[in-house]
Amino acid sequence: MSQALQHTRSFRLHDSTLWREQAYLAGEWVEADGKGRLSVTNPVDESELGWVPNMGQGETERAIEAAAAALPAWRRMLAKERGAILHRWGELMMENQEDLAAIMTLEQGKPIWESRGEIAYAASFLTWFGAEAERAYGDIIPTHLEGRKLFVQREPVGVTAAITPWNFPSAMITRKAGAALAAGCPMIVRPATETPFSALALGELASRAGMPKGVLSILTGSSRRIGAALMDSTTVRKLSFTGSTEVGRILLSQGAETVKKMSMELGGHAPFLVFEDADLDLAIEGAVGAKYATTGQDCLAVNRFYVHEDVYDRFAERFTEAVARMKVGNGMDGDVDQGPLMNAGAVEKCEAHIADAVEKGATVLTGGGRHDLGGLFFQPTVLGDVTPEMLITQEETFGPVAALIKFSSEEDVLAQANAVEFGLASYVYTENYRRIWRVSDALEYGMVAVNTPKITGAPIPFGGVKQSGLGREGSKYGLDDYTELKYVCLGGLDR
C-alpha cells in the first residue's frame, strides 16, 4: 500500500480509486517517460502525501496529438450530447463531494467546509456549460449586397490548454474545461505541482462520465517543460492561465509566437471601501469573508480596507475582535476558520509586509506573526494606521493580513483604490444608492461587489482589467472565449 493511500484511508476516503498517482493522458493512466516522480506534501505538517509523474515535452506532445485526433468527432458531436457528458461529470463530483473535499484539504490545507464549497462551485461550471453548449448562437446580418444572405456562426477554436493554480485546484479546472469542452474543444490541463491529486480525481470522474479518449488530458510535472511544449505548438490554439501577473506576462509573450488566443486571470489587489453610512454589521461580516477565506490566498481577497474617518475607530475595533476570534488549525478538523499557508514563501511575504508597515508607522491590532502551531500556520492579522507608502498597499500579500486605511472623501478614496496596476475585484459598502452607481462606475475593476463579499458563480463573467487579466471565464462570455466567429456570404440568390 502506498503512503498516499494510507493517508487517504486514515481520513476515510470512501472511494480509494479517486486517489491517483498516475497522470491522465488521452484517457489512459500513465507514468512519465523516464523522468521520475514529484513528491506532494500536506501543508499542515509538510509530510509526504504521495507522488505524481514528472512529465515534460514528450508526454505533452502525445497529449496534443491525441487531442487533435479527437477534435473532429468531438466538435461534430451534438451539443446536447457533449452537454450530457458534462452534466454527468458534475453529478459524479457531487456524488463524491466528501472524498474530493478531503483530497483537496489534504494537499491544499483549506478548511474542509471550504473544500466542500469549492467542490459544489466546481461542479456548477460543468452543469452550467453542459446546458450552455446548446446556446452557442450565431447571427443573421442584414445584407448590404443584392442577392446575398449573410450570417455568422460560432465554431470551436480547436485544441486548448489550461494551466491552473493551487488555491482553487478543482474550480479553476472546471471553469476552464467546462467552457472548452462545451464549445467542442479538447483540453489539456497542467495542474499546479502542489495540488495535483484534486485534478487527477477529476480526470477519473471525467472518464466515468464517458469522456472520449483524447478529449481531456491532465498532465503533472514540470511547468517549464509542459508549458513550453504547449506554447510552442501550433496545434494548441488557445491557452487559459490563472496565476501571477509576472508569469502571465511571460506566457503572453510566448503565445505571440504562434498567435494563440489567450485568457489570463492574473493578480488581484482588491480594495474594500466602507463609507460613513455603511451598515457596519454587514460590512464587518463581509470584511472577514472577503479577506480570510482560503487563508487570504485568493486573487479576490481584500488587501486594502479603506474606512471613512467617521466610522474608522468603530470598524477597526469590531473587525479586530472578529478576526481575533478566528480559529486556526488543521483543515480536516471541521471547526477551524483558517488552515495553513501553502508554502514558506507565503509566510515570508506576510512577515515582510507586516515588518515594512510597522517600520513605517502601522499598528498591529491583532496577530502579526507566525502561529503557535508552527510550520506554515500564520496568525490572522489586522494592521491599523496603514498609509500609501507601505508595501502592503502596493503589492498583493496573498495571505491573512488586513490593512486598514482611513479616508475622508469619496474622491480621495477612489483615487487611492484605483492607484494600482491591478483591476480584478473591488468591494463597496454604503447605503446611498446614488453613491453605489457613482462609485461602481468609477472603480477601475472588472468586478464590483456592493454590500456583499460573495460574487462568484457559473453565470457571472469572471475577470479583470488592467494587469489583472484578459478575457472572461464563466457565463455565456466564457463559452464565447473558446470559439471563433465564421462569417459566410451566400450569393446567387437572385438568379
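Residues numbered from 1 in each chain as written. Predicted model: local features only at pLDDT ≥ 70, side-chain atom pairs only at ≥ 80, totals over all residues. Heavy atoms only, no water.

Student: Please give an account of the overall build of the protein that cites residues and values.
Tutor: Helices and strands together make up the secondary structure of the protein, namely 15 helices and 20 strands. Computed over C-alpha atoms, the radius of gyration of the protein comes to 24 Å, within 12% of the 23 Å expected from 2.2 N^0.38 for 495 residues, which places it in the range of a compact globule. Overall, the C-alpha framework of the protein stretches about 75 × 70 × 40 Å when taken along its three principal axes. Split into buried and exposed, the 495 residues of the protein put 57% on the buried side. About 19400 Å² of surface is accessible on the protein, with carbon and sulfur atoms providing 51% of the total. Looking at charge distribution, the protein has the averaged site of its 48 positive side-chain charges lying 8 Å from that of its 65 negative ones. (Helix = DSSP H or I, 4+ residues; strand = E, 2+ residues; numbered from the N terminus. Rg over C-alpha atoms; globule rule 2.2 N^0.38 Å. Buried < 20%, exposed > 50% of the residue type's maximum accessible area, 1.4 Å probe, protein only. Areas by Shrake-Rupley, 256 points an atom, 1.4 Å probe, with all protein chains shown as cover. Lys, Arg positive; Asp, Glu negative; His and termini not counted. Charge placed at Lys NZ, Arg CZ, Asp CG, Glu CD.)

Student: Tell me about the nonpolar core, and please be specific about residues and values.
Tutor: By size, the foremost hydrophobic cluster in this structure holds 61 residues, and its most contacted members are Trp89, Met93, Leu181, Phe197, Met211 and Leu216. It is helix α6 (residues 171-183) that provides the largest number of residues to this core, a total of 9 residues. When residues no more than four places from it in sequence are discounted, the contact partners of Leu216 are Tyr24, Ala26, Gly27, Trp89, Met187, Val189, Ala206 and Met211. Among the nonpolar cores identified, the runner-up in size contains 34 residues, and Ala278, Ala283, Ile455 and Phe462 belong to it. (Core = buried A, V, L, I, M, F, W, Y, C linked by side-chain atoms within 4.5 Å. Contact = heavy atoms within 4.5 Å.)

Student: Just give me the short version of the packing of helix α4 (residues 97-108) against helix α5 (residues 112-132), but keep the residues and values in it.
Tutor: Two elements in contact, α4 and α5, have axes separated by 8 Å at closest approach and are oriented at 120°. Taken as axis vectors, α4 and α5 run oblique relative to one another. Regarding α4 and α5, the two cross each other, and that crossing is right-handed. Contact with α4, carried on its side by Gln97, Glu98, Leu100, Ala101, Ala102, Met104 and Thr105, involves Ile112, Ser115, Arg116, Glu118, Ile119 and Ala120 of α5 and no other residues of that element. In terms of residue class, the contact of α4 with α5 is made up of 7 nonpolar, 3 polar and 3 charged. (Axes fitted to C-alpha atoms, helices over the stretch in contact; angles between N-to-C directions. Parallel < 35°, antiparallel > 145°, perpendicular 65-115°, else oblique. Left-handed = near helix turned anticlockwise from the far one by under 90°. Nonpolar A, V, L, I, M, F, W, Y, C, P; charged D, E, K, R; others polar.)

Student: Run through the sheet that holds strand β14 (residues 363-366), naming residues and quoting values.
Tutor: Whenever strands of a sheet pair, they do so through backbone hydrogen bonds, lying parallel or antiparallel. Within the open sheet, the 7 strands sit side by side as β14-β15-β16-β13-β12-β17-β18. Their pairing is mixed. Of all the strands in the sheet, just β14 and β18 (447-450) have a single pairing partner and so form its edges. Neighbour-to-neighbour, the strand axes of this sheet turn through a mean angle of 25°, independent of strand direction. Relative to β18, strand β17 (residues 425-429) is paired through 4 bridges, and the arrangement is parallel. Considered in β18, the bridge of Tyr427 is made with Ala449. Across the sheet, helix α10 (residues 280-292) is in contact with β12 (270-274), β13 (302-308), β15 (381-384), β16 (401-407) and β17; its angle to β12 comes to roughly 170°. (Pairing = 2+ DSSP bridges.)

Student: So, the pairing of strand β10 (residues 236-242): which residues are in play, and what are the values?
Tutor: Of all 7 residues in β10, 6 are buried, a share of seventy percent or more. By the bridge criterion, 5 bridges tie β10 to strand β11 (residues 261-265) in an arrangement that is parallel. Each bridged residue has a counterpart across the sheet, and for Leu239 the counterpart in β11 is Met262. Between the parallel pair β10 and β11, the chain is carried across by helix α9 (residues 245-255), and the sense of this crossover is right-handed. (Right-handed = clockwise from strand over helix to strand, strands pointing away.)

Student: Pulling in residues and values, what's your account of unusual backbone geometry?
Tutor: The residue Ala26 is not glycine, and still its phi comes out positive at about 55°. Among the secondary structure elements, Ala26 is positioned in the loop between β1 (23-25) and β2 (28-30). Owing to a relative accessible area of 14%, Ala26 belongs among the buried residues under this scheme. The phi dihedral of Thr295 is positive, around 55°, even though this residue is not glycine. Tracing the backbone through its elements, the reader meets Thr295 in the loop between α10 and β13.

Student: Quick rundown of the packing of α10 against helix α11 (residues 312-324)? Include the residues and the values.
Tutor: Two packed helices can be described by the angle between their axes and the distance between those axes. Axis separation between α10 and α11 bottoms out at 10 Å; the angle between their running directions is 50°. By the angle between their directions, the pair α10 and α11 is classed as oblique. Note that α10 runs across α11; the crossing there is right-handed. Judged by residue contacts, Leu280, Asp281, Ala283, Ile284, Ala287, Val288 and Tyr292 of α10 engage Arg314, Phe315, Arg318, Phe319, Ala322 and Val323 from α11. Across the contact of α10 with α11, the residue classes tally to 10 nonpolar, no polar and 3 charged.

Student: How would you sum up the sheet that holds strand β20 (residues 483-490)? Please name residues and give values.
Tutor: Strand order across the open sheet formed by 3 strands is β5-β6-β20, with antiparallel pairing between neighbours. Only two strands of the sheet have a single partner each, and these edge strands are β5 (139-141) and β20. Adjacent strand axes in the sheet meet at a mean angle of 25° when their direction is disregarded. Bridge count for β5 against strand β6 (residues 149-156) is 3 bridges, and the pairing is antiparallel. Its bridge partner being in β6, Ile141 is matched across the sheet by Leu150.

Student: Quick one: what's the story with a negative patch on the surface, residue by residue and with numbers?
Tutor: A contiguous patch of negative charge, built from Glu61, Glu65, Asp232 and Glu257, is present on the exposed surface. You can see Glu65 is positioned in helix α2 (residues 57-76). (Patch = residues over 30% accessible without salt bridge, like charges linked within 9 Å, V, L, I, M, F, W, Y side chains within 5 Å. Salt bridge = Lys/Arg side-chain N within 4 Å of Asp/Glu carboxyl O.)

Student: Please give an account of the packing of aromatic side chains that cites residues and values.
Tutor: One pass over the full model with this rule turns up 11 aromatic pairs. Arranged with centres 4.8 Å apart and planes meeting at 20°, the rings of Phe272 and Tyr429 form a pair that is stacked. Note that Phe272 is positioned in strand β12 and Tyr429 in strand β17, a separation of 157 residues in sequence. Since its relative accessible area comes to 0%, Phe272 is described here as buried. Linked through ring pairs, Phe272, Tyr292, Phe305, Phe315, Phe319, Tyr427 and Tyr429 together constitute an aromatic cluster. The ring centre of Phe462 lies 4.0 Å from the NZ or CZ of Arg175, which sits over that ring. (Phe/Tyr/Trp six-rings, centres within 6.5 Å; stacked < 30°, edge-to-face > 60°. Lys NZ or Arg CZ within 6 Å of the ring centre and 35° of its normal.)

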